[in-house]
Amino acid sequence: MINQPAGKFADQEVLSDEVELLVKKEIQDLPPLREDASKKDFSDYLKYVYSLVSTDFDDPQDLLNKWQFSMSGHPQLSNGRYQFKKNYNVEIILDSSGSMANKIGGVSRMDLAKQAIKDFLADVPKEAKVSLRVYGHKGTGSEKDKSKSCASVEQVYGFESYEEKKLNQALNQFTPSGWTPIADALQQSQQSFQSFDAKTNTNLIYLVSDGIETCDGDPVAVAKTFVDSNVSPIINVIGFDADQKAQQQLKEIANKANGIYTTVNNGEQLKAKFDRAQEVLEEWDRWKKDALSDADAKRVDNSFEILEFTNDWSMKKTRQKLNISYVLNIMKNEGKLTLKQRDYIKDICKPISELADEARNQIEADLKKVNVENTEALKEEINNKYHTSVDG
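Residues numbered from 1 in each chain as written. Predicted model: local features only at pLDDT ≥ 70, side-chain atom pairs only at ≥ 80, totals over all residues. Heavy atoms only, no water.

I tried to follow the overall build of the chain on my own but got confused; where do I start?
Summing up its helical and strand segments, the chain has 13 helices and eight strands in all. Expressed as a percentage of the 392 residues in the chain, the buried residues total 49%. Sequence separation of at least 24 residues holds for 80% of the intrachain contacts in the chain that already meet a minimum separation of 6. Here the chain displays about 18,700 Å² of accessible surface, and carbon together with sulfur accounts for 48% of that area. (Helix = DSSP H or I, 4+ residues; strand = E, 2+ residues; numbered from the N terminus. Buried < 20%, exposed > 50% of the residue type's maximum accessible area, 1.4 Å probe, protein only. Contact = heavy atoms within 4.5 Å. Areas by Shrake-Rupley, 256 points an atom, 1.4 Å probe, with all protein chains shown as cover.)

Below is the structure:
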């Protein structure tokens, strides 16, 4: 269920007038189910309906990666790649291709992204160096402008302390317009990071994109090379209202870079993602005071995240179940199924919801177990390394 592709009408309100019309158009050429239909025929119809409305269930591994990032990233703790160093550098790589002009709730994706970036960078510790890189912001989406647009990768704010006026000027320089050179953006980012060796620098990148590479590059391969370099950045990828194809590639980029992938569908979710990043920066800025209580606080925070994850899973399961029922009703009304056939298919799809509930309960139990184990391991490491100073 975690790996299933999202259907064309995933998580949409199928009974809304707009979506219902689209569903009717989708099934108009579908032959009616025969009166003497076999079990295989019924199964094939159910598979077809499911393919239209299957939801995009979140991957609990993404949540585990977030925990590893936030719980293991203390300046003095552990030897892993998430260990904080003396210096901290963060770069946001922002998609400015033409599709970023598309609107969510009446506001363009680009304007929502810019506001979230402003809010995030305004609160970073003054010691941190920040950078903003943009791509696809020149030319147009037409074929004749492809070369120009694919060559448009620019660092508009370069590894400096945050200055509000200067950052706003940088953000106002570009509007969404062209193609999507993700690979080249990552390549140029690697070049800019060369002086920030991972031995003394924590290097963090947030790639925000709503689409796939369209400039013939291989961003997955570049991400792997980048993370294996002396810079060793943590590359987190945010799919902003991205379709299924884009999500797949963006997830691959994050996976190859051992980073975290997140899908966000609106401005509030994007802001929440950057708020999470801000929490990690604050950890870097203040760590060690009250370290043990901080570890327990992390455990509580993680518990709320487990609740949020499982609630979201249940809502998606319910939406998927309802949409299967709604599509079957539409098919019955459009003469593709009889009433008896519709009810039979509804009956044989019940195990899908049961499986979703079973998976939710298992994931919840696993996450709770990991949360306790991680917290206890963190507290033990703090006590082992800093027992005197904590007590003193």
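Could you clarify how one ought to interpret the sheet that holds strand 4 (residues 129–135) in this entry?
Each strand in a sheet pairs with another by means of backbone hydrogen bonds, the pair being arranged parallel or else antiparallel. The mixed open sheet is built from six strands, whose spatial order is 5-4-1-6-7-8. In this open sheet, the two edge strands, each paired with only one partner strand, are strand 5 (153–160) and strand 8 (261–264). Across the sheet, the mean angle from the axis of one strand to that of its neighbour is 15 degrees, orientation sign disregarded. Examined bridge by bridge, strand 1 (residues 87–95) and strand 6 (residues 201–209) share eight bridges and lie parallel to one another. Looking at strand 6, one finds that Tyr88 is bridged to Thr202. (Pairing = 2+ DSSP bridges. Axes fitted to C-alpha atoms, helices over the stretch in contact; angles between N-to-C directions.)

Can you walk me through the environment of Gln61 in this structure?
Within the secondary structure, Gln61 sits in helix 3 (residues 60–71). For Gln61, a relative accessible area of 40% corresponds to the partly exposed category. Residues Gln61 and Leu367 lie 306 residues apart in sequence; the distance between their C-alpha atoms is 9.5 Å.

Hey, could you run me through a nonpolar patch on the surface in this one?
Taken together, Val300, Phe304 and Leu307 make up a surface patch of nonpolar side chains, about 300 Å² in accessible area. Its place among the elements puts Leu307 in helix 11 (residues 291–333). (Patch = residues over 30% accessible without salt bridge, like charges linked within 9 Å, V, L, I, M, F, W, Y side chains within 5 Å. Salt bridge = Lys/Arg side-chain N within 4 Å of Asp/Glu carboxyl O.)

Would you mind going over the pairing of strand 8 with me for this structure?
Regular strands have side chains that alternate between both faces of the sheet. In terms of strand pairing, strand 7 (residues 234–240) meets strand 8 through four bridges, oriented parallel. Residue pairing for strand 8: Ile238 is matched across the bridge by Thr262. Tracing the backbone out of strand 7, into helix 9 (residues 244–256) and back to the parallel element strand 8 gives a crossover that is right-handed. (Right-handed = clockwise from strand over helix to strand, strands pointing away.)

Looking at this structure, how should I read helix 7 (residues 182–192)?
Every α-helical turn comprises 3.6 residues, leaving residues that sit three or four positions apart pointing alike. Within the span of helix 7, buried status applies to Ile182, Ala183, Ala185, Leu186, Ser189 and Gln190. Down the axis of helix 7, the sector holding all buried residues measures 160 degrees, keeping them to one side. Considering only its buried residues, helix 7 is in contact with strand 1, strand 4, strand 5, strand 6, helix 8 (219–227) and helix 9. (Arc of directions from axis to C-beta.)

What is the right way to read the side chain of Ser353 from this model?
Among the secondary structure elements, Ser353 is positioned in helix 13 (residues 350–391). Judged by relative accessible area, which is 11%, Ser353 ranks as buried. Leaving out residues up to four positions away in the same chain, Ser353 has contacts with Lys317 and Lys321.

Honestly, it's all geometry; don't read function into it.
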